Amino acid sequence: QVVVMESGGGLVQVGGSLRLSCAASGNISMIHAMGWYRQGPESQREFLACTSKLGFTNYADFVKGRFTGSRDNSKNTIYLQMNNLNPDDTGIYYCFTASRDCGYGGRSSWGQGTQVTVSS
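Residues numbered from 1 in each chain as written. Predicted model: local features only at pLDDT ≥ 70, side-chain atom pairs only at ≥ 80, totals over all residues. Heavy atoms only, no water.

**Some thoughts on the packing of aromatic side chains**
Centre-to-centre distance and the angle between the planes together describe a pair of aromatic rings. Enumeration according to the criterion identifies four aromatic pairs in this entry. Note on Tyr37 and Phe47: the rings are 5.6 Å apart at their centroids and 75° apart in plane angle, and the pair reads as edge-to-face. Of the two residues, Tyr37 is situated in strand β4 (residues 33–39) and Phe47 in strand β5 (residues 46–51); the sequence distance between them amounts to ten residues. Look at Tyr37 and Trp110: their rings are 5.3 Å apart centre to centre, the planes differ by 65°, and that puts the pair in the edge-to-face class. One end of the pair, Tyr37, is in strand β4; the other, Trp110, is in strand β10 (residues 108–110), and 73 residues separate them in sequence. Accessibility expressed as a relative area gives 34% for Trp110, which makes it partly exposed. Chaining the aromatic ring pairs together yields one cluster made of Tyr37, Phe47, Phe96 and Trp110. Over the face of the ring belonging to Tyr79 we find Arg19, whose NZ or CZ atom lies 4.0 Å from the ring centre. One cation-aromatic arrangement involves Arg45 over Trp110; the distance from NZ or CZ to the ring centre is 5.0 Å. (Phe/Tyr/Trp six-rings, centres within 6.5 Å; stacked < 30°, edge-to-face > 60°. Helix = DSSP H or I, 4+ residues; strand = E, 2+ residues; numbered from the N terminus. Buried < 20%, exposed > 50% of the residue type's maximum accessible area, 1.4 Å probe, protein only. Lys NZ or Arg CZ within 6 Å of the ring centre and 35° of its normal.)

See below:
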């Protein structure tokens, strides 16, 4: 079993930045991909980014240029640096791990989410 925990959410003004962290523990040998989704107040959960074990990150088109994913395998942790935030970025941000590489599915584990609120 893999346990996933996000941190770093909070309240930020328009144009501001936040850095989210996601730490995995437990049966970490199962983990290949790690990444992020979010769910806004009135929207479905949407994909943001996925980082492979080698550190390559692919992004949803709408966050390219603003969000940057990174990974520290020594800490079993990924990060999501979010810049130039706007109110549409408000939502709960969820981290996931997967037993296969990005885009290939596999057994997944999810965190409880961390709230990001962007005020105008």
